[in-house]
Amino acid sequence: ILDKIKIEMNYDGKLYCSDKGINKNDSINRQLLYTLSITSKQIYEDIIKIGGCERKSLIIKFPFIPEQFLSSFVRGFLEGDGHLRIEKHPNFLFLRTQFTGGLDFLQSLNLLMKIKFGTKSNVQNPIKNCRTYQLKYSGKKALNMLDWIYQDVLNGNSNLFLNRKFKIYNEYKDLKMIG
């Protein structure tokens with residue numbers, strides 16, 4: 001996805017790859033860390049003007065996003081600070097999504113999902129004395145949410161998505177059609 005962002009931005013800077021801080025003995029779960037570093041005062045100032053801030057993950061409020069960009073925004077959040085998986089049980093498949101972030105942001109996201117999809121979930125703090133919270137969805141409502149999140153990708157209006165998570169979404173849809 002960082003290569004796609006470089007193309008969209010017409011940026012010719014370098015993409016960095018590192019295995020720093022990764023358990024090099026765990027060959028199954030080993031993932032490399034990729035970084036795209038863009039140092040632009042203009043971009044920085046533009047982001048600050050629309051409400052961005054440094055070290056935003058745990059303090060940022062849910063911003064106003066025009067409706068036509070809202071599903072893409074939520075997709076970016078899921079792909080950056082979320083988790084998507086298929087749980088296979090003996091008699092059924094189970095789709096689970098999870099968002100991780102600050103309390104205010106997740107409460108606003110949860111309200112949006114309740115309005116759009118009738119979800120019934122609560123923001124949870126799984127680790128006491130930690131400022132990181134989680135919001136989880138599963139089953140049919142999670143699939144409806146993912147259909148909405150990936151609508152621009154499916155209709156060819158966006159190529160900015162994380163292949164790994166999009167593949168899980170498609171795999172679940174394919175498995176549900178077979179089963």
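As the structure is a computational prediction, the values presented were derived from the model and not from experiment.

Basis of the calculations
- Residues numbered from 1 in each chain as written.
- Predicted model: local features only at pLDDT ≥ 70, side-chain atom pairs only at ≥ 80, totals over all residues.
- Heavy atoms only, no water.
- Helix = DSSP H or I, 4+ residues; strand = E, 2+ residues; numbered from the N terminus.
- Polar contact = N/O pair within 3.5 Å; in protein donor to acceptor, adjacent residues only side chain to side chain.
- Contact = heavy atoms within 4.5 Å.
- Core = buried A, V, L, I, M, F, W, Y, C linked by side-chain atoms within 4.5 Å.
- Buried < 20%, exposed > 50% of the residue type's maximum accessible area, 1.4 Å probe, protein only.
- Salt bridge = Lys/Arg side-chain N within 4 Å of Asp/Glu carboxyl O.
- Pairing = 2+ DSSP bridges.
- Axes fitted to C-alpha atoms, helices over the stretch in contact; angles between N-to-C directions.

J.: Could you clarify how one ought to interpret the side chain of S158 in this entry?
T.: Here S158 shows up in the loop between α6 (151-154) and α7 (163-178). Only 3.2 Å separates the side chain of S158 from the backbone nitrogen of L160, close enough to count as a polar contact. Once residues within four sequence positions are removed from consideration, S158 is found in contact with R75, D152 and V153.

J.: Would you explain the nonpolar core in this entry?
T.: For soluble globular proteins, nonpolar side chains are generally found buried alongside one another. Ranked by internal contacts, the top residues of the largest apolar core, which has 31 residues, are F99, L109 and Y150. Contributing elements (two or more residues each) for this core: α3 (67-81), β3 (82-88), β4 (93-101), α4 (103-117), β5 (133-138), α5 (139-149) and α7. Residues in contact with F99, not counting those within four places in the same chain, are V74, F77, L78, D81, G82, L106, L109, Y133, Q134, L135, Y137 and M145.

J.: Could you clarify how one ought to interpret the pattern of salt bridges in this entry?
T.: Pairing of side chains with opposite charge becomes possible as their charged atoms draw close. Scanning the model with the defined rule gives 5 salt bridges in all. The salt bridge partner of K116 is E67, with a shortest N-O separation of 3.2 Å. Of this pair, K116 sits in helix α4 while E67 sits in helix α3, placing them 49 residues apart in sequence. For K116, a relative accessible area of 32% translates into the label partly exposed. Its salt-bridge partner being E87, residue R85 comes within 3.0 Å of it at the nearest N-O pair. Residue class for R85 comes out partly exposed when judged on its relative accessible area of 29%. Each of R85, E87 and R96 takes part in a single network of salt bridges with overlapping partners.

J.: Got a minute to help me understand the sheet that holds β4 in this structure?
T.: In any sheet, the strands associate via hydrogen bonds between backbone groups, in a parallel or an antiparallel arrangement. On the basis of which strands lie adjacent, the open sheet formed by 3 strands has the order β3-β4-β5 and antiparallel pairing. Both outer strands of the open sheet, β3 and β5, are each paired with one neighbouring strand and no more. For this sheet, the mean inter-axis angle between neighbouring strands, taken without regard to orientation, is 20°. When β4 meets β5, the two strands line up antiparallel, connected through 6 bridges. Bridged to Q98 within β5 is K136. The strands touched by α3 are β3 and β4; relative to β4, the strand with the most contacts, the crossing angle is about 90°. Sheet contacts for α5: β3, β4 and β5; angle to β4, the most-contacted strand, approximately 65°.

Purely spatial values, then, with no claim about function.
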